[in-house]
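Structure at a glance
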Amino acid sequence: MKSLDNPKVSRATALPLVWVVPLLALIIGGWMVVREYLDHGPEITIEFADASGVEAGKTILEYKGVAVGEVQSVGLKNDLNAVVVQVRLSKDAAALACEGAQFWIVHPQIDFSGVRGLDTLVSGAYLAIKPGSGSPITDFKGMGEPPPTQNKEEGRAFVLQSDRLGGITTGAPVYFREMKVGAVETSQLSDDSTRVLVRIRIYTPYVDLVRTNTKFWNAGGLSLKVGLFGAEINTTSIESLVVGGIAFATPEGELAPPAADGAQFTLLDQGEKDWLKWQPKISIHPPEITPASPVHGGEIPFVH
């Protein structure tokens, strides 16, 4: 009887079970890294003179109330004269990294010109951006304060020159007959550093009040005059006492032409009493005051 050959048994090399879990973890981790990379936009560098309140991994970049990036690192520049902040943008916000973009740090600020950044009392400081429109770049210089609101469709801007700023801040009111008709947009030194330039914006209904011969003066702070018959204390308002203010008056009689947008004037330290007596007849279109249902105190609300 013919004997049968012994069967040959082949065994495929099997992966030890102990390596299965680490391999799966490696695959999942790699997938998450790739996904994270694909979901991110470019990394940009912003240089600030001071980055108080900015923290890596906590501070976000916000645009129109939406988080569009996160601070990755905060460190001193090599020359120790500035702070370098690295920000990773989200994928859908990559277009924000372009020439002309302006960045600043939002901190809580409360004064008579308004309340700004109040939400940072809870969430902490955050970065804000005003988009540009140039070519894509990754290096930027941050601003010390928010850029002024510039809307060519609303009002008219004028530049006032003075020897000193005199306590005037951004957002300070501009008065005509002690009524607020505009606000300070920004201030800076002239190119030769001999003068201070203050840009104001007069609101649309009141732009024709400013003529080529209009007089502007600093109406902020407290003015104290002592004479034989007592002391006289003058201030336009509590608001101007705190954040500064500017007043102006236009001569009566034959009216000078309306001042053009961007016209320059001299900002005087104080006004003269005769200027307050000027009563030029200038047509304006202020918000209407219309009768309404009775309210407490007999007040009539403005209708905008």
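Before reading on, note that the structure itself is shown above.
To keep things clear, this report deals only with the structure shown in the data block. Just so it is clear, the model here is predicted, and its values are computed rather than measured. (Residues numbered from 1 in each chain as written. Predicted model: local features only at pLDDT ≥ 70, side-chain atom pairs only at ≥ 80, totals over all residues. Heavy atoms only, no water.)

Evaluation of the coordinates by the stated rule reveals seven salt bridges. Across the salt bridge formed by Lys58 and Glu55, the nearest N and O atoms sit 3.6 Å from each other. Classification of Lys58 as exposed rests on a relative accessible area of 61%. Taking relative accessible area as the criterion, Glu55 reaches 41% and is therefore assigned partly exposed. The partner of Glu185 in a salt bridge is Arg199, and the shortest N-O contact between them spans 2.8 Å. Of this pair, Glu185 sits in strand β12 (residues 179-189) while Arg199 is found in strand β13 (residues 196-202), placing the two residues 14 residues apart along the sequence. (Salt bridge = Lys/Arg side-chain N within 4 Å of Asp/Glu carboxyl O. Buried < 20%, exposed > 50% of the residue type's maximum accessible area, 1.4 Å probe, protein only. Helix = DSSP H or I, 4+ residues; strand = E, 2+ residues; numbered from the N terminus.)

This part is about the sheet that holds strand β18 (residues 264-268). Strand order in this closed barrel of seven strands is β10-β13-β12-β11-β17-β14-β18, and the pairing throughout is mixed. Across the sheet, the mean angle from the axis of one strand to that of its neighbour is 35°, orientation sign disregarded. Bridge count for strand β14 (residues 215-218) against strand β17 (residues 246-249) is four bridges, and the pairing is antiparallel. Bridging across to β17, Lys215 finds its partner in Ala249. (Pairing = 2+ DSSP bridges. Axes fitted to C-alpha atoms, helices over the stretch in contact; angles between N-to-C directions.)

This next bit is on the sheet that holds strand β4 (residues 83-90). An order of β5-β8-β2-β3-β4-β1-β9 is seen for the seven strands of this open sheet, with the pairing classed as mixed. Of all the strands in the sheet, just β5 (102-106) and β9 (139-141) have a single pairing partner and so form its edges. With direction set aside, neighbouring strand axes in the sheet form an average angle of 30°. Summarising the sheet, strand β2 (residues 60-63) and strand β3 (residues 66-76) pair through four bridges and their orientation is antiparallel. Residue pairing in the sheet places Tyr63 in a bridge with Val66 of β3.

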